[in-house]
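Listed below, chain by chain, are the residues.
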Amino acid sequence: MRYIIAVVTLETLLLSSFEKMFRRLLRTWPIYFLWFDLVYGFVLNLIASINLDHAPLPTSGLPVAPDIAFSWLQVITNGGMVLVISVALFVLLQLNRAVMEQKPWPFSPLRVAAMMIILVFSLPAWWQWVCALWDLMHGKLVVDWNNLRYLIVAILLLYPGLLCVWLLFARRRQPQPPTPILANELSHHGSDSAH
C-alpha cells in the first residue's frame with residue numbers, strides 16, 4: 001500500500017512540475033527563439049571573420065589587411081552585445097518565474113539595468129511596426145516575404161518589451177520582500193525597548 005501511495009505522490013509531483021514547465025515555456029518560447037537567433041547570428045559573423053578565403057585580398061596578395069582587423073572588431077562588438085542581451089533575457093526569465101510562482105523579486109542595480117536593456121532592445125521594433133502598419137494602411141508594401149527568418153525575428157522582437165512591462169505590473173501585486181532594518185535602527189529599537 002505504501003508503494004502505491006509513493007508512486008501516486010511521485011506521479012502527482014511530476015505532473016505538477018511538468019505543467020508548470022509547460023506554462024512557463026508557453027510564455028517564454030519567443031525569448032528562447034530570439035536568444036538562439038542572436039547566438040546563430042553571432043556564430044555566422046564569427047565564421048565569416050575566420051574564413052579568409054572569401055575575404056577580398058589586397059593588391060599585394062597578402063592575406064593581412066585592415067579589413068580583417070576591422071572584421072574582428074565587429075565580432076567583438078557583436079559578442080559583447082549578445083552577452084549583454086543574453087544576461088538581460090535571463091533576468092527577464094527570472095522575473096517571469098518569480099511572478100508565476102508568486103515569489104518576491106526585489107530590484108537590484110543589475111535587474112533594473114536588465115529591464116532597461118530589454119525595453120531598449122524591444123521598443124524600436126514597436127516603433128518600426130507602428131510605422132510599417134501606418135504605411136500599409138496607406139497602400140505601401142512593407143513586408144518582405146523573401147527572408148522568413150528575419151520576418152519572424154522582427155515580429156518576435158515585439159514580445160520581450162511587452163512581457164517586461166506586463167511582468168513589472170504583475171510584480172506590483174506580488175508579495176514584497178521585507179524592508180531591511182539598518183544596524184543603527186536595530187540598536188535604536190533595542191534601546192527603546194530597554195526603556
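Just so it is clear, the model here is predicted, and its values are computed rather than measured.

A.B. asks: Which residues make up the overall build of the protein chain, and what are the values?
C.D. replies: Helix and strand counts for the protein chain stand at six helices and zero strands. When the elements of the protein chain are put in sequence order from the N terminus, they spell out α-α-α-α-α-α. When the 195 residues of the protein chain are sorted by exposure, 24% land in the buried category. A separation threshold of at least 6 residues defines the contact pool for the protein chain, and within that pool the share at least 24 residues apart is 80%. Here the protein chain has roughly 14400 Å² of accessible surface; of this, 72% comes from carbon and sulfur atoms.

A.B. asks: How would you summarise the packing of helix H3 (residues 109-137) against helix H5 (residues 158-171) if you had to cite specific residues and measurements?
C.D. replies: Contact pair H3 / H5: the axes reach a minimum separation of 7 Å and the direction vectors enclose 125°. The orientation of H3 with respect to H5, classified from their angle, is oblique. In this structure, H3 meets H5 at a crossing whose hand is left-handed. Residues Met-115, Ile-118, Leu-119, Phe-121, Ser-122, Ala-125, Trp-126 and Trp-129 of H3 form the contact with H5, whose own contacting residues are Leu-158, Tyr-159, Pro-160, Gly-161, Leu-162, Cys-164, Val-165 and Leu-168.

A.B. asks: Give a description of the pattern of salt bridges that names residues and reports values.
C.D. replies: Evaluation of the coordinates by the stated rule reveals three salt bridges. Measuring nitrogen to oxygen at the nearest pair gives 2.6 Å for the salt bridge that ties Arg-149 to Asp-37. A residue pair is termed long-range when its members are at least 10 positions apart, and Arg-149 in helix H4 (residues 148-156) and Asp-37 in helix H1 (residues 2-50) qualify at 112 residues. Its relative accessible area of 28% is what places Arg-149 among the partly exposed residues. Where Glu-101 meets Lys-103, a salt bridge forms, and the shortest distance between an N and an O atom there is 3.1 Å. Looking at Glu-101, the relative accessible area reads 28%, which means it is partly exposed. Since its relative accessible area comes to 46%, Lys-103 is described here as partly exposed.

A.B. asks: Talk me through a nonpolar patch on the surface; I want residue IDs and the actual numbers.
C.D. replies: Together, Leu-25, Trp-29, Tyr-32, Phe-33, Trp-35, Phe-36, Trp-145, Leu-148 and Ile-152 make up a nonpolar patch on the protein surface, roughly 950 Å² of accessible area in all. Mapped onto the nonpolar patch, the elements with two or more residues apiece are H1 and H4. At six residues, the largest contribution of residues to the nonpolar patch is made by H1. Here Trp-35 shows up in helix H1.

A.B. asks: How would you sum up the packing of H4 against H5? Please name residues and give values.
C.D. replies: Two elements in contact, H4 and H5, have axes separated by 4 Å at closest approach and are oriented at 15°. It follows that H4 is roughly parallel to H5 by the angle criterion. Facing H4, whose interface residues are Ala-154, Ile-155 and Leu-156, H5 presents Leu-158, Tyr-159 and Pro-160. Of the residues contributing to the contact of H4 with H5, the split by class is six nonpolar, no polar and no charged.

A.B. asks: Please give an account of H5 that cites residues and values.
C.D. replies: Its 14 residues place the ends of H5 20 Å apart at the C-alpha level, agreeing with the 20 Å of an ideal helix rising 1.5 Å per residue. Buried within H5 are the following residues: Leu-158, Pro-160, Gly-161, Leu-163, Cys-164, Leu-167, Ala-170 and Arg-171.

A.B. asks: Hey, could you go over the packing of aromatic side chains for me, with residue numbers and the actual values?
C.D. replies: Applying the stated criterion across every chain, the model contains two aromatic pairs. With a centroid separation of 5.2 Å and an interplanar angle of 65°, the aromatic rings of Trp-35 and Phe-36 are classed as edge-to-face. When the centroid spacing of 5.7 Å and the interplanar angle of 75° are considered together, the rings of Trp-105 and Phe-107 count as edge-to-face. Classification of Phe-107 as partly exposed rests on a relative accessible area of 40%.

A.B. asks: Run through the nonpolar core, naming residues and quoting values.
C.D. replies: Inside soluble globular proteins, nonpolar side chains tend to come together where they are buried. Core analysis: the largest hydrophobic core is formed by 27 residues, its most contacted members being Leu-92 and Met-115. Of all elements in the fold, only H1, helix H2 (66-100), H3, H4 and H5 reach the threshold of two or more residues within this core. With ten residues, the top contributor of residues to this core is H2.

Here is what the cut-offs are and how they apply
Residues numbered from 1 in each chain as written. Predicted model: local features only at pLDDT ≥ 70, side-chain atom pairs only at ≥ 80, totals over all residues. Heavy atoms only, no water. Helix = DSSP H or I, 4+ residues; strand = E, 2+ residues; numbered from the N terminus. Buried < 20%, exposed > 50% of the residue type's maximum accessible area, 1.4 Å probe, protein only. Contact = heavy atoms within 4.5 Å. Areas by Shrake-Rupley, 256 points an atom, 1.4 Å probe, with all protein chains shown as cover. Axes fitted to C-alpha atoms, helices over the stretch in contact; angles between N-to-C directions. Parallel < 35°, antiparallel > 145°, perpendicular 65-115°, else oblique. Left-handed = near helix turned anticlockwise from the far one by under 90°. Salt bridge = Lys/Arg side-chain N within 4 Å of Asp/Glu carboxyl O. Patch = residues over 30% accessible without salt bridge, like charges linked within 9 Å, V, L, I, M, F, W, Y side chains within 5 Å. Nonpolar A, V, L, I, M, F, W, Y, C, P; charged D, E, K, R; others polar. Expected span 1.5 Å × (residues − 1). Phe/Tyr/Trp six-rings, centres within 6.5 Å; stacked < 30°, edge-to-face > 60°. Core = buried A, V, L, I, M, F, W, Y, C linked by side-chain atoms within 4.5 Å.

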